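# Fold and geometry: a report
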Amino acid sequence: MTPDTTLERLRRQARLPDAPAAVASLIEPLLLEAAGPGAEPVSLTLDYGPSAAPGAAVVVEAAVERATRTLVFAYGRLLTPEGAVLATASAVFRRSGETSKAV
């Protein structure tokens, strides 16, 4: 599925932390920002590419791929400053006020 290029893409520069969950700690907040105020994470999938050294400069991108009345589907990438993909992410967020009913 091709992302809707008419939607705003968020982009931030950062440094890669020295932690096991470094990629998630950089991508998830930007995905959440792209999903909008009050969005609640439902799932996050990360696909890793080549590794980078802790402290390396990186660029984080995120955008909404599509949205329904209750869910937001977002994608993101972690890139080197030269544009090489270090990781990709896809996430699903529940829109604020939408809760699942227990059976």
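Residues numbered from 1 in each chain as written. Predicted model: local features only at pLDDT ≥ 70, side-chain atom pairs only at ≥ 80, totals over all residues. Heavy atoms only, no water.

## Overview of the layout of surface pockets
Considered as a void within the structure, the largest pocket measures approximately 190 Å³ in volume. Leu16, Ala22, Val23, Ser51 and Ala52 are the residues nearest the centre of the largest pocket, which is lined by 16 residues in total. The set of elements that each furnish at least two residues to the lining of the largest pocket consists of α1 (22–35) and β5 (85–94). When its residues are assigned to classes, the lining of the largest pocket shows 13 nonpolar, 2 polar and 1 charged. (1 Å grid on protein atoms, 1.4 Å probe; cavity = no way out; pocket = protein on both sides within 12 Å on 5 of 7 lines; lining within 4 Å. Points joined across faces, edges and corners; volume = space filled by probe spheres on them. Helix = DSSP H or I, 4+ residues; strand = E, 2+ residues; numbered from the N terminus. Nonpolar A, V, L, I, M, F, W, Y, C, P; charged D, E, K, R; others polar.)

## With respect to the confidence of the model for the protein
With 85% of its residues at a pLDDT of 70 or more, the protein shows a mean pLDDT of 86. Predicted confidence for residues 1–6 stays below pLDDT 50, and this span has 5 contacts to residues more than four positions away or in other chains. (pLDDT = per-residue confidence, 0-100. Contact = heavy atoms within 4.5 Å.)

## Let's talk about the pairing of strand β4 (residues 71–79)
Burial analysis of β4 places 7 of its 9 residues in the buried class, the great majority of the element. Connecting strand β3 (residues 57–67) to the next strand, β4, in antiparallel fashion are 3 residues. A loop of 5 residues connects β4 with β5, the two strands running antiparallel in sequence, and Gly83 in this loop sits at a positive phi of about 100°. (Buried < 20%, exposed > 50% of the residue type's maximum accessible area, 1.4 Å probe, protein only. Pairing = 2+ DSSP bridges.)

## Here we look at the pattern of salt bridges
Working definition: two side chains of opposite charge can pair if their charged atoms are close together. All chains considered together, the criterion is met by 4 salt bridges. A salt bridge links Arg9 to Glu61, with the nearest nitrogen and oxygen atoms 3.9 Å apart. One end of the pair, Arg9, is in the segment before β1 (10–15); the other, Glu61, is in strand β3, with 52 residues separating them in the sequence. For Arg9, a relative accessible area of 43% translates into the label partly exposed. A salt bridge links Glu61 to Arg77; its shortest N-O distance comes to 2.8 Å. Here Arg77 lies in strand β4 and Glu61 lies in strand β3, a separation of 16 residues in the sequence. Looking at Glu61, the relative accessible area reads 5%, which means it is buried. Overlapping salt bridges, with partners in common, bring together Arg9, Arg11, Glu61 and Arg77 in one network. (Salt bridge = Lys/Arg side-chain N within 4 Å of Asp/Glu carboxyl O.)

## Some remarks on the side chain of Thr80
Relative to the helices and strands, Thr80 resides in the loop between β4 and β5. Setting aside residues up to four positions removed in sequence, Thr80 forms contacts with Ala57, Val59 and Leu86.

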